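One letter stands for each residue in the lines below.
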Amino acid sequence: LREICGKERIEASDTALRLIARAGEGSVRDAVALLDQLATFGSGTITDEDAVRLLGGLDTALFQRLLEAILGGDGQAVSRAVRRIEDEGWDPRSVYGQFLSFCRDALHLAMGGDPEGVDLPAEESQALAGMAKEAGYENVLRLLHQLLGSETTVRRSESGALAVEIAWLRAAELPKLRRVEEILAGIDRVPPLPGPLPRSGGEGAKHSPPPRPVPAPVRPPAAAPARPPAAAPAPAPPPPAQPPAPKPVVNVDPVQAFLDEVSRRKQPLAAHLSEADGITFVDGQLTIARMPGDTWLESRLQQAGNRQVLEEAVAAVWGPGTPWRLVQGSGERRRQEEEEQTRQAAAATAGVAENPTVQTVLDIFGGKVERVEERIRED
């Protein structure tokens, strides 16, 4: 395409030529035909904006807003984007494929790639780079993996717009989810309290008096005055000593109670906190360690609304005025998760190798068990 532009005196940037080559989908003839059409449209000059608008048929600002909505868990904004696609008459399957490429560019930028290497005008590539770096490489990678898994369903669905909307709404749920490794590690085994939290300097004390101090045990001794002298007052002192006894709830992990409080107020923020490298409460201070390279959590906590939610949750568990801080984690939690996954994989491999049927197959073919994969049947 560059050679043709040189001979035909057509002015086109590398970005525009890459867009044309991508639109040709491997066909040189189609790419050359597109080049000729764009050159005719621009009177011998092909601008980046014309290439984006005429080849994609889309406003890339739509992709910017859509990506921001998915990363922020805003389902309503995602649905508005789908309605606009329908109103404009765009093919939802084609839009989905282009958005995948857009997210791939975001992934490369999140890794520290050069914005000039992205097939977008300079201003838009810079904006995408800022969004990708704020979201963090790990979050963009998880999003792209989710969207790629839904591509086949979108392509084969007879209701293209509906399939696209469901795929994007599912992706928008990612900020609210917790890792399977955390659940398997037993982090969620402690059930949340149905009522007020224990150990809370303020609220726990407010709610504990009403249930216990109701003088139910004290009333029976009131009937004892029918007895003669000081025998009735004697049983009265023991009942007051009983209310302090029922406090088995103290075993609840206060950090988990803190996450529950955040979840009650703002579930997406609790999901971000659950991705942290670690949350500890030592010497009267709450410390939140973020994963190395993850700037997403830090950017969330810089927002005034999220900070207020976090401070309210801290006050509910440890009392008003309790300090908290955000620090850089060491990645120890991730290493432990990887070691646990390796250990579980080794245990699964050993268990399968002991199966008589598998042993017979290995003996016949002289092989060994390399890995074990779990398949979910759909019938």
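Everything that follows concerns the structure shown earlier in this document.
Residues numbered from 1 in each chain as written. Predicted model: local features only at pLDDT ≥ 70, side-chain atom pairs only at ≥ 80, totals over all residues. Heavy atoms only, no water.

1. Description of the overall build of the chain
Within the chain one finds 21 helices and 5 strands. Here the chain holds 379 residues, and 36% of them are scored as buried. A separation threshold of at least 6 residues defines the contact pool for the chain, and within that pool the share at least 24 residues apart is 69%. Accessible area for the chain stands at about 22,500 Å²; split by element, carbon and sulfur atoms hold 53% of it. (Helix = DSSP H or I, 4+ residues; strand = E, 2+ residues; numbered from the N terminus. Buried < 20%, exposed > 50% of the residue type's maximum accessible area, 1.4 Å probe, protein only. Contact = heavy atoms within 4.5 Å. Areas by Shrake-Rupley, 256 points an atom, 1.4 Å probe, with all protein chains shown as cover.)

2. Some details on the packing of helix 5 (residues 60-71) against helix 6 (residues 75-88)
Following both chains from N to C, one finds helix 5 and helix 6 inclined at 150 degrees, their axes separated by 8 Å at the closest point. As summarised for this structure, helix 5 and helix 6 are arranged roughly antiparallel, according to the angle between their axes. At the point where helix 5 passes helix 6, the crossing takes the left-handed sense. Residues Leu62, Arg65, Leu66, Ala69 and Ile70 of helix 5 pack against Ala77, Val78, Ala81, Arg84 and Ile85 of helix 6. (Axes fitted to C-alpha atoms, helices over the stretch in contact; angles between N-to-C directions. Parallel < 35°, antiparallel > 145°, perpendicular 65-115°, else oblique. Left-handed = near helix turned anticlockwise from the far one by under 90°.)

3. Let's talk about the pairing of strand 4 (residues 285-290)
Of all the 6 residues making up strand 4, 5 are buried; the element is thus mostly covered by neighbouring parts of the structure. Here strand 3 (residues 278-282) runs beside strand 4; their pairing, made up of 5 bridges, is antiparallel. In the sheet register, Phe281 faces strand 4, and the bridge partner there is Leu286. The turn linking strand 3 back onto strand 4 is made up of 2 residues, and Asp283 within it adopts a positive phi angle of 55 degrees. (Pairing = 2+ DSSP bridges.)

4. Quick word on the sheet that holds strand 5 (residues 324-328)
Ordered by their spatial adjacency, 3 strands build an open sheet running 3-4-5, and the pairing between neighbours is mixed. One side of each edge strand has no neighbouring strand; the edge strands of this open sheet are strand 3 and strand 5. Each strand of the sheet is rotated relative to its neighbour by a mean of 25 degrees, with strand direction disregarded. Summarising the sheet, strand 4 and strand 5 pair through 5 bridges and their orientation is parallel. Considered in strand 5, the bridge of Thr287 is made with Arg325.

5. Focus: the pattern of salt bridges
Scanning the model with the defined rule gives 9 salt bridges in all. Among the salt bridges present, the one from Arg2 reaches Asp14, with a minimum N-O distance of 3.2 Å. Linking Arg2 in helix 1 (residues 2-8) with Asp14 in helix 2 (residues 14-23), this pair joins segments that are 12 residues apart in sequence. Take Arg2: its relative accessible area is 54%, and that puts it in the exposed class. Ionic pairing is found between Arg93 and Asp91, a salt bridge with its closest N-O pair at 3.9 Å. Classification of Arg93 by relative accessible area gives partly exposed; the value is 29%. Among the charged side chains, a salt-bridge network with shared partners connects Glu261, Arg264, Arg265 and Glu312. (Salt bridge = Lys/Arg side-chain N within 4 Å of Asp/Glu carboxyl O.)

6. Comments concerning the nonpolar core
Ranked by internal contacts, the top residues of the largest apolar core, which has 43 residues, are Leu67, Ile70, Tyr96, Phe99, Leu143, Leu147 and Trp168. Take this core: its biggest share by element is 10 residues, from helix 7 (residues 92-110). Apart from residues no more than four positions distant in its own chain, Ile70 is found in contact with Val78, Phe99, Leu143, Trp168, Ala171, Ala172 and Pro175. Of all hydrophobic cores here, the second largest spans 21 residues; its members include Phe258, Leu259, Ile288 and Leu301. (Core = buried A, V, L, I, M, F, W, Y, C linked by side-chain atoms within 4.5 Å.)

7. Here's the deal with the packing of helix 9 (residues 137-149) against helix 11 (residues 160-172)
Closest axis-to-axis distance for the helix 9/helix 11 pair is 10 Å, and the angle between their directions is 155 degrees. With respect to helix 11, the element helix 9 is oriented roughly antiparallel. Considering how the two elements wind past one another, helix 9 and helix 11 form a crossing that is right-handed. Side by side, helix 9 and helix 11 meet where Leu143, Gln146 and Leu147 of the first sit next to Ala167, Trp168, Arg170 and Ala171 of the second. Of the residues belonging to the contact of helix 9 with helix 11, the class tally is 5 nonpolar, 1 polar and 1 charged. (Nonpolar A, V, L, I, M, F, W, Y, C, P; charged D, E, K, R; others polar.)

8. Structural notes on the packing of aromatic side chains
In this description, an aromatic ring pair is defined by two values, namely the gap between the centres and the angle between the planes. All told, the structure shown has 7 aromatic pairs when counted by the stated rule. On the basis of an interplanar angle of 50 degrees and a centroid distance of 5.4 Å, the ring pair of Phe63 and Phe102 is categorised as tilted. Of this pair, Phe63 sits in helix 5 while Phe102 sits in helix 7, and the two are 39 residues apart along the sequence. Phe102 matches Phe63 in its accessibility class, with the two residues each being buried. Relative to Trp318, the ring of Phe281 lies with its centre 4.3 Å away and its plane at 10 degrees, an arrangement referred to as stacked. Residue Phe281 is located in strand 3, and its partner Trp318 is located in helix 19 (residues 304-318); the two are separated by 37 residues in the primary sequence. Classification of Phe281 by relative accessible area gives partly exposed; the value is 29%. Residue classification places Trp318 among the buried residues on the basis of a relative accessible area of 17%. Of the aromatic side chains, those joined through ring pairs into one cluster are Phe63, Tyr96, Phe99, Phe102 and Trp168. (Phe/Tyr/Trp six-rings, centres within 6.5 Å; stacked < 30°, edge-to-face > 60°.)

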